[in-house]
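Observations on the three-dimensional arrangement
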Amino acid sequence: MNEFYTILTGSLVAISCSLLGSFLILRKMAMVGDAISHAVLPGIVIAYLLGETREMIPMLIGAAAFGVLTTVLIELFHKKARLQTDASIGITFTFLFALGIILISAFAGQVDLDQDCVLYGDIAMVPLDLWITDAGLNLGPRQVWILGVNLLVVLAFILIGYKGLFITTFHEEYAATVGIAAGFWHYSLMSTVSLTTVVSFESVGAILVVAFLVVPPATAYLLTEKLPVMLGLSALFGVISAILGNMLATWLDGSIAGAMTAVAGGLFLLTFLFSPKQGILMRLKFR
Amino acid sequence: MNSLLEFLSLADPNVRFVVLGSVLLGMSSAVVGCFTFLRKRALLGDAIAHSILPGICLAFMVSGSKNPWILLAGAAVSGWLSVAAIDIITRKSKLKPDTAVGLVLSVFFGVGILLLTHIQHQGNASQAGLDKFLFGKAASMTSEDVLVFGGVGMLLLLVVIAFYKEFKLISFNPEFAKVIGLPVAFLEFLLATVTVLAVAVGIQAVGVVLMAALIISPAAAARFWTEKLAVMIVIAAIFGALSGVFGSFISFSAPSMPTGPWIVVALTVFVMISLLFAPQKGFVARWLRDGNNHEKILTENILKALYQIGEKARDFAGSRELAEIRERREFGPGELKRGLRILARRKLVVEAATGWRLTSLGLTESRRVVRLHRLWEMYLKEKIRLKEDHVHAGAEAIEHIITPEIERLLEEKLGFPERDPHNSEIPR
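Residues numbered from 1 in each chain as written. Chains lettered and ligands numbered in written order. Predicted model: local features only at pLDDT ≥ 70, side-chain atom pairs only at ≥ 80, totals over all residues. Heavy atoms only, no water.

Helix and strand counts for chain A stand at 12 helices and two strands. Written out in order from the N terminus, the α and β elements of chain A read α-α-α-α-α-α-β-β-α-α-α-α-α-α. In terms of overall dimensions, chain A is globule-like: its C-alpha atoms have a radius of gyration of 19 Å, near the 19 Å expected for 287 residues. When the backbone C-alpha atoms are referred to their principal axes, chain A occupies close to 60 × 50 × 35 Å. Here chain A holds 287 residues, and the buried ones make up 57% of them. Intrachain contacts of chain A at a sequence separation of at least 6 include 71% that bridge at least 24 residues. Carbon together with sulfur atoms contributes 68% to the accessible area of chain A, which is approximately 12300 Å² in total. Each charge class in chain A was averaged separately, 13 positive and 17 negative side chains, and the resulting centres sit 20 Å apart. (Helix = DSSP H or I, 4+ residues; strand = E, 2+ residues; numbered from the N terminus. Rg over C-alpha atoms; globule rule 2.2 N^0.38 Å. Buried < 20%, exposed > 50% of the residue type's maximum accessible area, 1.4 Å probe, protein only. Contact = heavy atoms within 4.5 Å. Areas by Shrake-Rupley, 256 points an atom, 1.4 Å probe, with all protein chains shown as cover. Lys, Arg positive; Asp, Glu negative; His and termini not counted. Charge placed at Lys NZ, Arg CZ, Asp CG, Glu CD.)

Have a look at this one:
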């Protein structure tokens, strides 16, 4: 049963991240996703400091706000100070992450967070933190519920906003001329990415979030040109990585998050070599 | 204060090692970072930092020892492989460079974490300390560490000095470098190797995530102060070294504080100071300059309007109401009054009972602006052969920036004309 919950947790993160990540890589913002996943750390630490005294939802939103702050800072550096984009990204997220680590060190006694967990999470702990109602009813792991709700938010966002996201991703200038607010879709997407990062952080850590944001969508992108197919394929690759990754981790007795990433990387490598249209070996054969 | 003196005296050998190590690391990654920054590959440092972990773990698994040189070799190999992987993915598929960077970074790091946790779970006691590559352990650097960092740092500096010209060329103009027969592929390999080495030692001080800052931030900050590569490298090295000193001081005076993150905070402060206050390219300098330009254009346009009204009325001394000036030319809300007040302060106009009037100084200045406008219109018509109705817009833009030298040249080329294309007089 624990194994089932581990895979379920991994899959929930994988689907949410892969769907959002598809839009990120098409918008050439893969590294912004990477930056956000690190830069929400101070928000998470502050949320931990405030502890159980506050409602969970405002706390999550507060932590996610750091993700949006990251994109604002990156743009500010880029537009106002004319710093090149990649440097703006690097400076912003390292600063915010450093701030997070300093906060963790300063409040070491009060924050139940350690650096290992920040980087690669502890998915094996997920099944142990159960949500038991006052009546004593066992509803299963708390984290699974949180991630499930997040997946619903992501799905709703993409289904409702599909048209806006599609147009601002592929036809930015056209979107501007017909009066679609590119800024609105940009910040909505960033907010959803931030929220997903924050809720996934505890269980899978920053690395698996980045990996699922980038690797399955990149793999799917090598196989198709159609956005709906790409979304479906990347979610599928995410789930396969979660299942096989769990097996690999058990076999090697290592980090589950690391193993899921490794499998996702393996799937990419296979596609990169053998994809019918894009694979480099296939192209050699037909040359 | 006492702790600062104690720190600066470097009496404590531990402090000496930590400071020396941090300074060496800060400097060598800053120097290397200048090149990755200029080649617009700033995030390559981030990718390499994440990617050396599997190399370190494999080196440990194969050799069974934590000898820094062996681990460094493993780190260099996998770091270098990651650079090659990014390069191949970008060239051979439709994926964009930033996607390739994110992909390689997370997959290599994921494999590294898998191997590291695998090693840790084996219960092998000698593995303790491998995780310093994850988070950095600047505060516990030993003399042996400093020796390794110092050795690698010196090697990096020597390579950069020896290949300075070549690196400069492939950073600014790789096509030209290729054309004149430089071995570009070899040089890129060398530069990548140097970057990998800088990252592999730097990561031990600040950890995987923050390593990117050591590479990017000093270069980005230095870029605001100069246009010369050599100067930029020196400034970046100074920023890197100072941040190293600052970070080690903080964790010396507050031992619970980690060194690495404070080094990054110091670096970010340097970036902020530079991008705000650097004399030429800083935000404040540019903002003031934009303001000055805007003010110059506004006041010159008002002077021109006043002159044109006077020209039509054959009376340059009369005072004009705001509405009259607005009829001649449109100004943004509040702009006209603001401009007139600036002109009054410079004694070019005075406020009269019924409006504003040009002073004799103002009349001379307004003549100058109108002359430049009409001379340029003439030039566009005579030399560029534009139609009369197409010359006005160009002159509107350029009249504000024509220098006296260009003015003289224009007059000579046009044979000191008296009338502009619209048959208005060109005032002297």
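Let's pick the thread back up.
Turning our eyes to something else, we now look at the pattern of salt bridges. All names here are of chain B. Going through the model one piece at a time under the given rule, you end up with 18 salt bridges over all chains. In this structure, E365 and R368 form a salt bridge, with 3.0 Å as the shortest nitrogen-oxygen distance. Taken together, the positions of E365 and R368, both in helix α17 (residues 360-382) and three residues apart, correspond to about one turn of that helix. Judged by its relative accessible area of 21%, E365 is partly exposed. Assessed through its relative accessible area of 23%, R368 is described here as partly exposed. (Salt bridge = Lys/Arg side-chain N within 4 Å of Asp/Glu carboxyl O.)

Before going further, it helps to spend a moment on the packing of helix α12 (residues 229-253) of chain B against helix α13 (residues 259-277) of chain B. Residues and elements named next belong to chain B. Closest axis-to-axis distance for the α12/α13 pair is 8 Å, and the angle between their directions is 135°. When the interaxial angle is binned, α12 and α13 end up oblique. Crossing geometry of α12 relative to α13 is assigned as right-handed. Here F239, G240, L242, S243, G244, F246, G247, S248, I250 and S251 of α12 come into contact with α13, specifically with T259, W262, I263, A266, L267, F270 and S274. Among the residues forming the contact of α12 with α13, the class breakdown is nine nonpolar, eight polar and no charged. (Axes fitted to C-alpha atoms, helices over the stretch in contact; angles between N-to-C directions. Parallel < 35°, antiparallel > 145°, perpendicular 65-115°, else oblique. Left-handed = near helix turned anticlockwise from the far one by under 90°. Nonpolar A, V, L, I, M, F, W, Y, C, P; charged D, E, K, R; others polar.)

Let us now look at the interface of chain B and chain A. Every contact between the two is made by 54 residues of chain B and, on the other side, 56 residues of chain A. For the pair chain B and chain A, the two sides together bury roughly 4800 Å², of which 76% comes from carbon and sulfur. Across the contact surface, chain B and chain A share one salt bridge. The closest approach of N and O atoms between K94 of chain B and E225 of chain A, which form a salt bridge, is 2.8 Å. Applying the counting rule to chain B against chain A returns 10 residue pairs in polar contact (both at pLDDT 80 or more). Those elements that provide at least two residues to the side of chain B that touches chain A are α3 (44-63), α4 (68-92), α5 (97-121), α6 (132-135), α11 (211-223), α13 and α14 (283-313) of chain B. Among the elements that line the side of chain B that touches chain A, the one with the most residues is α5 of chain B, at 17 residues. Considering only residue class, the side of chain B that touches chain A consists of 33 nonpolar, 13 polar and eight charged. (Buried area = accessible area lost by both parts, 1.4 Å probe. Polar contact = N/O pair within 3.5 Å; in protein donor to acceptor, adjacent residues only side chain to side chain.)

Here we come to the environment of G90 of chain A. Note that G90 of chain A resides in helix α5 (residues 85-106). Not counting residues within four places of it along the chain, the set of residues in contact with G90 of chain A comprises L43 and I216 of chain B.

In this section: the confidence of the model for chain A. The predicted model of chain A has a mean per-residue pLDDT of 85, with 91% of residues at 70 or higher. Element-level mean pLDDT values for chain A span from 66 in helix α6 (residues 115-120) of chain A up to 94 in helix α10 (residues 227-252) of chain A. (pLDDT = per-residue confidence, 0-100.)

For the rest of this paragraph, the subject is a positive patch on the surface. Residue and element names in this part refer to chain B. The grouping of R326, K337, R341 and R345 at the surface amounts to a positive patch. Looking at the positive patch element by element, the count peaks at three residues for helix α16 (residues 335-345). Of the residues examined, K337 reaches a relative accessible area of 46% and is grouped as partly exposed. (Patch = residues over 30% accessible without salt bridge, like charges linked within 9 Å, V, L, I, M, F, W, Y side chains within 5 Å.)

Once that is clear, we can look at the environment of L306 of chain B. All names here are of chain B. Considering the arrangement of structural elements, one finds L306 in helix α14. Distance in space between the C-alpha atoms of L306 and E407 is 22 Å, their sequence separation being 101 residues. Setting aside its immediate chain neighbours within four residues, L306 contacts R320, I325, V349 and L358.

Time to look at the side chain of T71 of chain A. Residue and element names in this part refer to chain A. Relative to the helices and strands, T71 is located in helix α4 (residues 56-80). A polar contact is formed between the side chain of T71 and the backbone oxygen of V68, at a distance of 2.6 Å. In this structure T71 touches V32, I36, Y187 and M190, once residues within four positions along its chain are discounted.

What follows deals with the nonpolar core. Counting 188 residues, the largest nonpolar core has L189 and F268 of chain A as the members making the most contacts within it. When residues in this core are grouped by element, the largest group, 22 residues, is from helix α9 (residues 182-221) of chain A. Sequence-distant contacts of F268 of chain A, defined by excluding residues within four places in its chain, comprise V215, A218, T219 and L222 of chain A together with I89, L95 and L103 of chain B. Judged by nonpolar contacts, the second largest core, of 18 residues, contains L303, L306, L348 and L363 of chain B. (Core = buried A, V, L, I, M, F, W, Y, C linked by side-chain atoms within 4.5 Å.)

Attention now moves to the environment of G266 of chain A. Of note, G266 of chain A is situated in helix α11 (residues 256-274). The sequence separation of G266 of chain A and V215 of chain A amounts to 51 residues, and the corresponding C-alpha distance is 9.9 Å.

Turning to the packing of α14 of chain B against α16 of chain B, a few remarks are in order. All names here are of chain B. Direction vectors running N to C along α14 and α16 enclose 90°, while the axes themselves pass 9 Å from each other. In terms of axis orientation, α14 runs roughly perpendicular to α16. Residue-level inspection shows H294, E295, L298, T299, I302 and L303 of α14 in contact with α16, the latter providing E335, L336, R338, G339, L340, I342 and L343.

Turning next to α4 of chain B. Counted at 1.5 Å a residue, the expected span for α4 of chain B with its 25 residues is 36 Å, and the 36 Å between its end C-alpha atoms agrees. For α4 of chain B, the set of buried residues is L71, L72, G74, A75, S78, G79, S82, V83, I86 and I89 of chain B. Packed against the buried residues of α4 of chain B are α11 of chain A together with α3, α5, α6, α7 (143-162) and α10 (184-206) of chain B. With a side-chain oxygen lying 2.7 Å from the backbone nitrogen of W69 of chain B, the N-terminal cap of α4 of chain B falls on N67 of chain B. (Expected span 1.5 Å × (residues − 1).)

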